[in-house]
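Residues per chain, in single letters:
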Amino acid sequence: MVLVSKHGSGEGEEDAAVDFWGNPVDKSKTGGWLAAGLILGTELSERICVMGISMNLVTYLVGDLHLSSAKSATIVTNFLGALNLLGLLGGFLADAKLGRYLTVATFASITAVGVILLTLATTIPGMRPPHCDDSRRQLHQCIEANGGQLAMLYAALYTIALGGGGIKSNVSGFGSDQFDVNDPKEEKAMIFFFNRFYFAISIGSLFAVIVLVYVQDNVGRGWGYGISGGTMVIAVIVLLCGTTFYRFKKPRGSPLTVIWRVALLAWKKRSLPLPSHPSFLNDYQNAKVPYTYRFKCLDKAAILDEYVANDRNRNDPWIVSTVTEVEEVKMVLKLLPIWSTGILFWTIYSQMTTFTVEQASFMGRKVGSFEIPPGSMSAFLFIAILLVTSLNEKLFIPIARKLTHNAQGLTSLQRIGIGLVFSIFGMVAAGVVEKERRTLALGQRTLSAFWLIPQFFLIGAGEAFTYVGQLEFFIREAPERMKSMSTGLFLSTLSMGFFVSSLLVTIVDKVTNKQWLRSNLNKGNLNYFYWLLAVLGLLNFFFFLVLARKHQYKDQHYFNSKDNNEELKSSNDLVALEVEGPISIKATES
């Protein structure tokens with residue numbers, strides 16, 4: 001008998017959780033919601049820091065450093081892009097050597113240092129150009145910040161990006177480690193984990209855009225960023241205090257090394273014929289991941305030829321891969337098509353931190369005698385996220401369960417698809433509002449900033465579906481040993497989205513000869529840029545539908561037989577493949 005999978009997850013004894021002392025976990029004393037809550041406090045603090053910075057940074061760059069709108073937007077999106085891209089580094093270090101706990105603690109400390117640097121960069125007078133009043137700004141006579149003044153700002157931002165990337169790529173994985181998916185009770189709790197995880201960090205985002213943005217604009221940038229730094233320090237202390245309550249999973253080596261090794265061996269053996277049956281591949285009998293017939297070219301990495309026939313060579317991973325390693329690489333490759341479709345959503349989302357905040361600065365924001373800071377209008381984005389996330393758990397998911405008879409209710413891909421649709425309508429609404437705002441502004445009238453609520457709500461609702469859907473998709477669909485790296489892969493979609501936004505802004509600015517995106521939005525055509533994103537989003541959605549229909553979830557393994565076309569779908573229970581009788585080895589050309 002060949003054991004193919006256990007609960008469809010590929011988890012073996014080496015994947016079992018242990019306590020701080022390395023002993024098997026006592027479920028009554030470790031893990032669960034208490035441990036997960038302490039861990040997620042770190043991500044809550046990271047979100048407070050990053051949102052408190054990014055949602056209001058563009059107003060500082062334009063208003064205090066006198067940079068152009070396009071350049072300011074590029075700085076913000078590049079910062080956010082780097083933060084999410086560095087999630088790959090954090091995931092790599094956790095999976096390869098440090099483990100998720102030590103990685104989170106280390107990078108949270110780095111984030112605190114970065115926020116302290118940013119506090120200094122925005123409070124030291126010499127780090128800013130001379131003050132420029134509105135009359136000189138209208139005539140474009142303001143002196144821009146020079147390279148030396150921007151140097152400390154960049155150092156601070158990218159230190160925060162480094163720390164935030166390490167936190168984001170590991171917190172969700174470390175939090176999910178606190179639940180045993182093989183325990184029905186804990187598995188049920190796990191279903192709500194990602195929803196509640198995102199709900200909690202959205203609370204942090206809401207606090208940042210309401211409280212911290214107000215403090216930055218009305219009390220001082222130093223006070224606003226100082227509060228963020230203090231929050232991060234407290235989070236590190238709380239994380240360390242909960243050490244004995246956590247469940248730990250030991251790192252199992254660099255997943256990138258496994259991917260590189262399989263690719264290299266498959267290339268070296270490309271001229272060898274594949275065996276007549278996959279059971280003749282190396283270590284097939286002990287495979288922890290079910291064999292699949294996709295990407296069969298990679299199977300050549302596990303071919304047992306005469307050179308590797310003896311046991312010594314068979315155990316050398318640089319001579320021959322195992323079926324488990326090959327299948328893990330296949331699982332990562334299967335994620336990439338869906339990964340590519342998530343990029344444009346985050347390109348659209350990035351407009352909420354740049355041009356939409358600038359829109360708000362040109363609109364009426366007074367409520368009585370109080371004027372809402374432009375960055376605080378983003379509160380409606382996070383209110384929408386909190387509302388939709390709550391409705392997901394209390395209303396949408398229960399209804400979907402009854403209709404589909406599926407414990408998940410909505411699958412991760414369905415969530416992503418819904419989010420993409422919301423983002424398209426969000427850009428259409430943004431374009432309509434901006435067209436009306438500009439028309440009124442040219443007639444010396446001011447449109448209320450509350451007309452931005454529809455685009456904030458639609459993009460926020462889209463994020464509530466897409467973020468949770470993508471996070472769940474990448475964590476559940478990736479190999480167990482690559483959980484942190486797969487979270488980094490998810491974060492890289494955010495990163496690419498922000499970088500694509502920077503690229504798109506640069507291209508549009510050049511092609512339109514700076515006519516669409518101008519520092520004075522009343523003289524530009526920002527609505528055209530929004531409608532361009534809506535069209536690109538629609539094309540991306542159709543591409544996503546094609547890929548989603550073809551995707552096969554990890555717990556839906558199919559085995560094809562050459563003797564018939566019947567497909568056997570496995571459940572989450574142990575799947576065993578009986579191979580009876582003597583079988584002669586026959587090679588067939590691939």
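Residues numbered from 1 in each chain as written. Predicted model: local features only at pLDDT ≥ 70, side-chain atom pairs only at ≥ 80, totals over all residues. Heavy atoms only, no water.

What to know about the pattern of salt bridges
Right, on to step 1. Counting across every chain of the model gives 9 salt bridges.
Right, on to step 2. Here Lys-168 ties to Glu-46 by a salt bridge, and the two come within 3.9 Å at their closest N and O atoms. Of the two residues, Lys-168 sits in helix H6 (residues 147-176) while Glu-46 sits in helix H1 (residues 32-63), which places them 122 residues apart along the sequence.
Right, on to step 3. Since its relative accessible area comes to 8%, Lys-168 is described here as buried.
Right, on to step 4. Of the residues examined, Glu-46 reaches a relative accessible area of 0% and is grouped as buried.
Right, on to step 5. Arg-261 is the salt-bridge partner of Glu-325, the closest N and O atoms lying 3.1 Å from each other. Pair noted here: Glu-325 is in helix H11 (residues 323-350) and Arg-261 is in helix H9 (residues 255-268), with a separation of 64 residues, a long-range link.
Right, on to step 6. On the accessibility criterion, Arg-261 (10% relative accessible area) is buried.
Right, on to step 7. One continuous salt-bridge network, built from bridges that share partners, spans Glu-43, Glu-46 and Lys-168. (Salt bridge = Lys/Arg side-chain N within 4 Å of Asp/Glu carboxyl O. Helix = DSSP H or I, 4+ residues; strand = E, 2+ residues; numbered from the N terminus. Buried < 20%, exposed > 50% of the residue type's maximum accessible area, 1.4 Å probe, protein only.)

What to know about the nonpolar core
Right, on to step 1. Among the nonpolar cores identified, the biggest contains 128 residues, and Leu-61, Tyr-349, Leu-381, Phe-382, Met-427, Tyr-467 and Phe-529 are the most heavily contacted of them.
Right, on to step 2. At 14 residues, H1 tops the list of elements feeding residues into this core.
Right, on to step 3. In contact with Met-427, not counting residues within four places along its chain, are Ile-348, Met-352, Ile-459, Tyr-530, Trp-531, Leu-533 and Ala-534.
Right, on to step 4. Core analysis: the second largest hydrophobic core is formed by 16 residues, Ala-266, Tyr-291, Ala-302 and Val-329 among them. (Core = buried A, V, L, I, M, F, W, Y, C linked by side-chain atoms within 4.5 Å. Contact = heavy atoms within 4.5 Å.)

Overview of the environment of Ile-303
Right, on to step 1. Tracing the sequence through the fold places Ile-303 in the loop between strand S2 (274-275) and helix H10 (311-314).
Right, on to step 2. Note on Ile-303: relative accessible area 8%, which makes it buried.
Right, on to step 3. As a C-alpha pair, Ile-303 and Ser-321 span 18 residues in sequence and 8.0 Å in three-dimensional space.

Comments concerning the packing of H11 against helix H14 (residues 412-442)
Right, on to step 1. Two numbers describe how H11 lies on H14: the axes approach to 10 Å, and their chain directions differ by 30°. Between H11 and H14 lies a crossing whose hand is left-handed. Contact with H11, carried on its side by Ile-338, Thr-341, Phe-345 and Ile-348, involves Leu-413, Ile-416, Gly-419, Leu-420, Ser-423 and Met-427 of H14 and no other residues of that element.
Right, on to step 2. Looking at the contact of H11 with H14, its residues break down into 7 nonpolar, 3 polar and no charged. (Axes fitted to C-alpha atoms, helices over the stretch in contact; angles between N-to-C directions. Left-handed = near helix turned anticlockwise from the far one by under 90°. Nonpolar A, V, L, I, M, F, W, Y, C, P; charged D, E, K, R; others polar.)

Some thoughts on helix H15 (residues 453-477)
Right, on to step 1. Counted at 1.5 Å a residue, the expected span for H15 with its 25 residues is 36 Å, and the 35 Å between its end C-alpha atoms agrees.
Right, on to step 2. A large share of H15 lies buried, amounting to 21 of its 25 residues. (Expected span 1.5 Å × (residues − 1).)

Considerations on the environment of Glu-327
Right, on to step 1. Structurally, Glu-327 can be placed in helix H11.
Right, on to step 2. For Glu-327, the contacting residues outside a window of four places in its chain are Val-289, Pro-290, Tyr-291, Thr-292 and Asp-299.
Right, on to step 3. Polar side-chain contacts of Glu-327 include one of 3.0 Å to the side chain of Lys-330. (Polar contact = N/O pair within 3.5 Å; in protein donor to acceptor, adjacent residues only side chain to side chain.)

Here we look at the packing of aromatic side chains
Right, on to step 1. Applying the stated rule across the entire model yields 18 aromatic pairs.
Right, on to step 2. Their ring planes at 80° and their centres at 6.1 Å tell us that Phe-380 and Phe-450 sit as a pair that is edge-to-face. One end of the pair, Phe-380, is in helix H13 (residues 379-404); the other, Phe-450, is in the loop between H14 and H15, and 70 residues separate them in sequence.
Right, on to step 3. Ring plane angle 50° and centroid distance 6.1 Å describe the contact between Phe-541 and Phe-542, whose orientation is recorded as tilted.
Right, on to step 4. A relative accessible area of 47% places Phe-542 in the partly exposed class.
Right, on to step 5. Aromatic rings pair up to connect Phe-345, Trp-346, Tyr-349, Tyr-467 and Phe-498 into one cluster.
Right, on to step 6. Sitting over the ring of Trp-267, Arg-270 keeps its end group 3.9 Å from the ring centre. (Phe/Tyr/Trp six-rings, centres within 6.5 Å; stacked < 30°, edge-to-face > 60°. Lys NZ or Arg CZ within 6 Å of the ring centre and 35° of its normal.)

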